[in-house]
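Geometric and topological summary
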Amino acid sequence: MRTRKKYKGVHDPRPVPPGFAPKEVDGRIVYSAKRTPMILAHHESLMQELCERRGVHKISLPDQLDCIRPHLWHRYYLKLDLAKAFDAVDPFCCMVALDLPEDVERFWKYYFHRDGGLIQGAPMSTILFHLYMQEVVDTPLDVYAHTHGLTYTRYVDDLLFSSCHKIRPDVIGELTTVLRLMGFAVNRRKTRLLDSRVETLEYLGMRIHRRTVDVMPEVHARIAELESASNYSSFTMTMRRSLEQSKLWRDRILALNHGRRYNARR
């Protein structure tokens, strides 16, 4: 058995999956398989299989802005943070819920840790987690939200509820119980219940405060930095693409304000 390793002050809590290389990202250990063609081939094959079974050309995550639009004319928000969400996905439950092909069980070590949980950083982990949440979590939470007059959306493991009316604090406990039944734990320390007229909601790279949507300050700073550098010969094509993408992201978010004012007038 491999011993625990330490990367830049972060302890790896489990053996490194075969064929993966560990790295630290935002204070946690994730695993990379970029240099392992065999693992990449297994994940690409699984993606093709899932696409064929669902009759689609490509499986992707929802657009981030689509996850925020239904909430924009609401005042009260509850943002739920799941504790170690990828680790909570049981291999057998995932295979059954998604009706994964039989050969996945033979190669589960390329998708799941030995003691359970999706390998965070593996090529298909985010898609598998999203599909698993669709099958296991979204429907019960949609029912709960509808019953309690809430709007619910999810982006991977970021859960957001909102309402025009004040959200009761005990809703957090009720949702915690619902999620616990599905194998997920809520991180109370990072969960936020707020009034957007008083506090700022930060969600998926956006800030909502007093009926206004804006990008995070670091995006504005990055755009200003790149625009300043564009006058010099050291300005590369990579920097140009980064500037264009940052501007597009900023403009898409700021455009939400126009739609919000339109909905408010209707």
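Each value, and the rule that gives it
Residues numbered from 1 in each chain as written. Predicted model: local features only at pLDDT ≥ 70, side-chain atom pairs only at ≥ 80, totals over all residues. Heavy atoms only, no water. Helix = DSSP H or I, 4+ residues; strand = E, 2+ residues; numbered from the N terminus. Buried < 20%, exposed > 50% of the residue type's maximum accessible area, 1.4 Å probe, protein only. Contact = heavy atoms within 4.5 Å. Areas by Shrake-Rupley, 256 points an atom, 1.4 Å probe, with all protein chains shown as cover. Lys, Arg positive; Asp, Glu negative; His and termini not counted. Charge placed at Lys NZ, Arg CZ, Asp CG, Glu CD. Core = buried A, V, L, I, M, F, W, Y, C linked by side-chain atoms within 4.5 Å. 1 Å grid on protein atoms, 1.4 Å probe; cavity = no way out; pocket = protein on both sides within 12 Å on 5 of 7 lines; lining within 4 Å. Points joined across faces, edges and corners; volume = space filled by probe spheres on them. Nonpolar A, V, L, I, M, F, W, Y, C, P; charged D, E, K, R; others polar. Pairing = 2+ DSSP bridges. Axes fitted to C-alpha atoms, helices over the stretch in contact; angles between N-to-C directions. Left-handed = near helix turned anticlockwise from the far one by under 90°.

Quick look at the overall build of the protein now. A tally of helices and strands in the protein yields eight helices and 12 strands. Considering only C-alpha atoms, the protein reaches an extent of 60 × 60 × 45 Å along its principal axes. Expressed as a percentage of the 266 residues in the protein, the buried residues total 42%. For the protein, restricting intrachain contacts to residue pairs at least 6 apart in sequence, the fraction spanning at least 24 positions comes to 63%. For the protein, the exposed area adds up to about 15300 Å²; of that, 50% sits on carbon and sulfur atoms. In the protein, which carries 42 positive and 32 negative side-chain charges, the distance between the mean positions of the two groups comes to 6 Å.

With that out of the way, let us pick up the nonpolar core. With 76 residues, the main nonpolar core has Phe161, Leu179 and Phe184 as its most contacted residues. The greatest single-element share of this core, amounting to 10 residues, is contributed by helix α5 (residues 125-147). Residue contacts for Leu179: discarding those within four places in its chain leaves Leu80, Leu82, Val137, Leu141, Leu159, Phe184 and Val186.

Bringing the layout of surface pockets into the picture now. Think of a ball as big as a water molecule: rolled over the atoms, this probe shows where empty space is left. Computed from the structure, the second largest pocket encloses a volume of approximately 190 Å³. In terms of lining, the second largest pocket is formed by 12 residues, of which the most central are Pro15, Val16, Pro17, Pro18 and Arg114. Looking at the lining of the second largest pocket residue by residue, the class counts come to six nonpolar, one polar and five charged.

All right, on to the side chain of His113 then. Here His113 shows up in the loop between α4 (103-106) and α5. We classify His113 as buried; its relative accessible area is 3%. If near-sequence neighbours (up to four positions away) are discounted, His113 is found in contact with Arg14, Pro15, Pro17, Tyr31, Trp108, Leu118, Ile119 and Gln120.

What follows deals with the sheet that holds strand β11 (residues 206-209). Taken in spatial order, the three strands make up an open sheet running β10-β11-β12, and their pairing is antiparallel. If you trace the sheet from one side to the other, it starts and ends with β10 (201-203) and β12 (212-215), each paired once. Put simply, the sheet's adjacent strands are angled 25° from each other on average, direction ignored. Two elements, β11 and β12, share four bridges in a ladder whose sense is antiparallel. Of the residues in β12, the one forming a bridge with His209 is Thr212.

Right, let's get into the packing of helix α1 (residues 37-54) against α5. Two numbers describe how α1 lies on α5: the axes approach to 11 Å, and their chain directions differ by 30°. Crossing of α1 against α5: the hand is left-handed. Residue-level contacts link Leu46, Met47, Leu50 and Arg54 of α1 to Ile127, Leu128 and Leu131 of α5. Residue composition of the contact of α1 with α5, grouped by class: six nonpolar, no polar and one charged.

Honestly, that's just the spatial picture; any functional story needs more than this.
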